[in-house]
Amino acid sequence: MKDKKRSLVTYLFPDSYIADQFRTIRTNIRFVTGETNKKVFLIASPGSGDGKSIIVANLAASMAQQKERILLIDANLRSPVIHTIFNLPNNKGIGNILRHRIPIKEAVCKTEIGKLDILTSGEASFNPAEIIGSELMEDLIKSAAAEYDVVLIDAPSVLEYTETRMLANYCDGVLFLLKRAKTELEKASEAIRVLELAQSQIVGAIMNE
């Protein structure tokens, strides 16, 4: 787990070139959204293995260093990773909130990085699509948006699982992640079409080297 935490470059090496790139992404998001009240963003990619969780973790850490209240949600109930990156327990999270109606405050984990909080995936589910696509999940996101300056959501790949499309519809915008020399153009185009059908707004793209 310690090896995973070393991937938080924006926190461990704030003066590095990579950390500066994340600050650029952070600034661009602010520029695109302008003075609007958009604050809930889904990080989406066409397929798996694109480094999406590492990207969203670093973006969250970068934003939190600006004294903003940030909540990072791991909505990947199938293969959660966020708790391992931050070396956090995963005994309480989204699964517990949606299945047992525990308060969000009981499930949120504090971190040592600015005002960054983490909501892990929590209790495993045999039907992630049903849980994530429920009105309870939509209400959870609305509640989080009322408490935090920015909410970032990590989720499974767009083309493989339906719940990500539902999540996209609940969010103010989508940050589309592409892996250089790996993401196929055809799959990227299909994923964008799927997100548009979900009536989501793609506010930007991130190219992962």
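The coordinates are above.
To keep things clear, this report deals only with the structure shown in the data block. (Residues numbered from 1 in each chain as written. Predicted model: local features only at pLDDT ≥ 70, side-chain atom pairs only at ≥ 80, totals over all residues. Heavy atoms only, no water.)

Some details on the packing of helix α3 (residues 17-33) against helix α4 (residues 52-64)
Then step 1. Relative to each other, α3 and α4 sit at 75°, their axes nearing to 9 Å. Taken together, the axes of α3 and α4 are roughly perpendicular relative to one another. From α3, Phe22, Arg23, Ile25, Arg26 and Ile29 reach across to α4, where they touch Ile55, Asn58, Leu59, Ser62 and Met63.
Then step 2. The residue makeup of the contact of α3 with α4, split by class, is six nonpolar, two polar and two charged. (Axes fitted to C-alpha atoms, helices over the stretch in contact; angles between N-to-C directions. Helix = DSSP H or I, 4+ residues; strand = E, 2+ residues; numbered from the N terminus. Parallel < 35°, antiparallel > 145°, perpendicular 65-115°, else oblique. Contact = heavy atoms within 4.5 Å. Nonpolar A, V, L, I, M, F, W, Y, C, P; charged D, E, K, R; others polar.)

Description of the pattern of salt bridges
Then step 1. According to the stated counting rule, one finds seven salt bridges in the structure shown.
Then step 2. The closest approach of N and O atoms between Arg78 and Glu163, which form a salt bridge, is 2.7 Å. Of this pair, Arg78 sits in the loop between β2 (69-74) and α5 (82-85) while Glu163 sits in helix α10 (residues 162-170), and the two are 85 residues apart along the sequence.
Then step 3. Look at Glu163 and you get buried, because its relative accessible area is 1%. (Salt bridge = Lys/Arg side-chain N within 4 Å of Asp/Glu carboxyl O. Buried < 20%, exposed > 50% of the residue type's maximum accessible area, 1.4 Å probe, protein only.)

Digging into helix α9 (residues 135-147)
Structurally, the α-helix is built with 3.6 residues per turn, so residues lying three or four positions apart point the same way.
Then step 1. Taking 1.5 Å per residue as the helical rise, α9 with its 13 residues ought to reach 18 Å, and the 19 Å between its terminal C-alpha atoms agrees with that figure.
Then step 2. Buried residues of α9: Met137, Leu140, Ile141, Ala144 and Ala145, and no others. The buried residues of α9 occupy one face: seen down the axis, they fall within an arc of 135°. Exposed positions of α9 whose direction lies more than 90 degrees from the buried face are Glu135, Lys142 and Ala146. (Expected span 1.5 Å × (residues − 1). Arc of directions from axis to C-beta.)

With respect to the pairing of strand β4 (residues 115-119)
Remark: a regular strand shows side chains that alternate across the two faces of the sheet.
Then step 1. β4 sits mainly inside the fold: four of its five residues count as buried.
Then step 2. Two elements, β2 and β4, share five bridges in a ladder whose sense is parallel. Looking at the pairing, Leu71 lines up with Asp117 of β4.
Then step 3. Bridge count between strand β3 (residues 109-110) and β4: two bridges; the pairing is antiparallel. By the bridge assignment, Cys109 is partnered in β4 with Ile118.
Then step 4. Following β3, the chain reverses through four residues before pairing antiparallel with β4; Gly114 in that reversal takes a positive phi of roughly 50°. (Pairing = 2+ DSSP bridges.)

Focus on the nonpolar core
Then step 1. Counting residues in each nonpolar core, the largest one holds 36 residues, and the members touching the most others are Leu42, Ile94, Leu119, Met137, Ile153 and Leu167.
Then step 2. With five residues, α9 is the largest single contributor of residues to this core.
Then step 3. If sequence neighbours within four positions are ignored, Ile153 has contacts with Val40, Phe41, Leu42, Ile43, Ile73, Ala75, Ile141, Leu167 and Cys171.
Then step 4. Of all hydrophobic cores here, the second largest spans 30 residues; its members include Ala60, Ile82, Leu88 and Leu116. (Core = buried A, V, L, I, M, F, W, Y, C linked by side-chain atoms within 4.5 Å.)

Brief notes about unusual backbone geometry
Then step 1. The residue Asn87 is not glycine, and still its phi comes out positive at about 55°.
Then step 2. Inspection of the secondary structure puts Asn87 in the loop between α5 and α6 (94-100).
Then step 3. A positive phi angle, near 55°, is found at Arg101, a position not held by glycine.
Then step 4. Here Arg101 is to be found in the loop between α6 and α7 (104-107).
Then step 5. Accessibility expressed as a relative area gives 60% for Arg101, which makes it exposed.

A word on the packing of aromatic side chains
Then step 1. Inspection of every chain in the model, using the stated rule, returns zero aromatic pairs.
Then step 2. Taking the ring centre of Tyr148 as reference, the NZ or CZ of Arg69 above it sits at 4.6 Å. (Phe/Tyr/Trp six-rings, centres within 6.5 Å; stacked < 30°, edge-to-face > 60°. Lys NZ or Arg CZ within 6 Å of the ring centre and 35° of its normal.)

As for the sheet that holds strand β1 (residues 40-44)
By definition, the strands of a sheet pair up through backbone hydrogen bonds, in either a parallel or an antiparallel sense.
Then step 1. As summarised here, the arrangement of the seven strands in space is β3-β4-β2-β5-β1-β6-β7, forming an open sheet in which the pairing is mixed. Two strands in the sheet have a free side with no partner beyond their single neighbour: β3 and β7 (202-208).
Then step 2. Bridging between β1 and strand β6 (residues 173-179) involves four bridges; their strand directions are parallel. Bridge pairing in β6 links Leu42 to Val174.
Then step 3. Sheet strands in contact with α4 are β1, β2, β4, β5 (150-154), β6 and β7, and its direction is about 165° off that of β5.

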